[in-house]
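Topology and contacts: notes
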Amino acid sequence: MLDILHQDHINIAKLLNVLRDILAAIRSEKPVRFNLLRDVLSYLREVADTHHHPREDLIYEYFTTYRCSDPSIVTTVLKEQHKQIVRKGEDLQELVAMILMDAVIPLDSVATALEQFIALQQQHLDYEESTIFPLLRRSLTEDDWRHLEHNWMHMTEDDPLFGREVKERYQDLAAQLLSA
Ligand SMILES: [Fe+2]
Ligand SMILES: [Fe+2]
């Protein structure tokens, strides 16, 4: 299960690099592919926020309830980070939707919001990879994983970008990832 979540992290990291390229384009006043930005944000909402984080939350909750003496690290920090990522992602999505409808938005504010969003995602990812996942690997037993896996089965769905087939709405983004 952690391997799947780790693979998700690798995929998210690839998308963060696309976001960094877009940020660099905004900063250097080069043409910005706002459609691509929209697609990345939409993927992160669709997959990270609705599949990846809930799966993690399931494990974190289990861990906190049965295996952890100090629940504050996992419940408070990580759940708060997940919520913050959703909020910032939604704000950014709104901003990009307005730009795509030709509203006049100062590019500076887009760049700042995007930079903060990338930092937040990266920080969260690094924290899980460096601290939380190793802690889970050390603490949870085979039985724990079996139990969790059982609950997880209901949450499995094919990834629309990195899964077996790329869905129509992510074709552009997939092409961009291939060329990067
Ligand atoms: Fe997470
Ligand atoms: Fe994660």
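Details of the structure are given in the entry above.
To start, this report covers the structure provided alongside it. (Residues numbered from 1 in each chain as written. Chains lettered and ligands numbered in written order. Predicted model: local features only at pLDDT ≥ 70, side-chain atom pairs only at ≥ 80, totals over all residues.)

The helix and strand tally for the protein chain stands at six helices and zero strands. Reading the secondary structure of the protein chain in the N-to-C direction produces α-α-α-α-α-α. Principal-axis analysis of the C-alpha atoms gives the protein chain an extent of 55 × 35 × 25 Å. Buried residues in the protein chain amount to 21% of all 180 residues. The long-range fraction of contacts in the protein chain, counting pairs at least 24 apart against all pairs at least 6 apart in sequence, stands at 75%. (Helix = DSSP H or I, 4+ residues; strand = E, 2+ residues; numbered from the N terminus. Buried ≥ 20, exposed ≤ 12 C-beta atoms within 10 Å, placed from the backbone. Contact = placed C-beta atoms within 7 Å.)

The terminal C-alpha atoms of helix H1 (residues 2-27), which comprises 26 residues, lie 36 Å apart, in line with the 38 Å expected from a rise of 1.5 Å per residue. Turning to H1, the residues buried within the fold contact helix H2 (34-66) and helix H4 (107-139). (Expected span 1.5 Å × (residues − 1).)

Helix length check: H4 (33 residues) gives 46 Å between terminal C-alpha atoms against 48 Å at 1.5 Å per residue, within 8%. Every buried residue of H4 is accounted for by Val110, Leu114, Phe117, Gln121, His124, Glu128, Ile132 and Leu136.

The angle between the axes and the distance between the axes are what describe a pair of packed helices. Two elements in contact, H2 and helix H5 (residues 142-152), have axes separated by 11 Å at closest approach and are oriented at 145°. In this structure, the crossing between H2 and H5 has a hand that is right-handed. Seen from H2, the contacting residues are Arg55, Leu58, Ile59 and Tyr62; seen from H5, they are Asp144, Leu148, Asn151 and Trp152. Counted by class, the contact of H2 with H5 contains five nonpolar, one polar and two charged residues. (Axes fitted to C-alpha atoms, helices over the stretch in contact; angles between N-to-C directions. Left-handed = near helix turned anticlockwise from the far one by under 90°. Nonpolar A, V, L, I, M, F, W, Y, C, P; charged D, E, K, R; others polar.)

Let us now look at the packing of H1 against H2. Orientation of H1 relative to H2, taken along the N-to-C sense of each, is 155°, at an axis distance of 11 Å. Between H1 and H2, the angle is such that the two are roughly antiparallel. H2 is crossed by H1, and the crossing has left-handed handedness. For the pair formed by H1 and H2, the contact residues are Leu5, Asp8, Ile12, Leu15, Val18, Leu19 and Ile22 on the first element and Leu36, Leu37, Val40, Tyr43, Leu44, Ala48, His52, Arg55 and Glu56 on the second. (Parallel < 35°, antiparallel > 145°, perpendicular 65-115°, else oblique.)

On the secondary structure map, leucine 120 appears in helix H4. Of the residues examined, leucine 120 has 16 C-beta atoms within 10 Å and is grouped as partly exposed. Separated by 39 residues in the primary sequence, leucine 120 and glutamine 81 have C-alpha atoms spaced 8.1 Å apart.

This next bit is on the nonpolar core. Leu15, Val40, Leu41, Tyr43 and Leu44 are the most contacted members of the largest nonpolar core, which has 21 residues in total. For this core, the elements supplying multiple residues, two or more each, are H1, H2, helix H3 (72-100) and H4. With seven residues, the top contributor of residues to this core is H2. Filtering out sequence-adjacent residues up to four positions away, valine 40 remains in contact with Leu15, Val18, Leu19 and Leu173. (Core = buried A, V, L, I, M, F, W, Y, C linked by C-beta atoms within 7 Å.)

Turning our eyes to something else, we now look at the environment of arginine 67. Locating arginine 67 in the fold gives a position in the loop between H2 and H3. Considered as a pair, arginine 67 and threonine 141 are 74 residues apart in the sequence and their alpha carbons are 9.8 Å apart.

Glancing now at unusual backbone geometry. Positive phi is not limited to glycine here, since glutamate 29 has a value of about 55°. Inspection of the secondary structure assignment puts glutamate 29 in the loop between H1 and H2. If you check the backbone angles, aspartate 102 has positive phi at about 70° while not being a glycine. For aspartate 102, the location among the structural elements is in the loop between H3 and H4. Note on aspartate 102: 7 C-beta atoms within 10 Å, which makes it exposed.

Coordinates in, geometry out; function isn't part of it.
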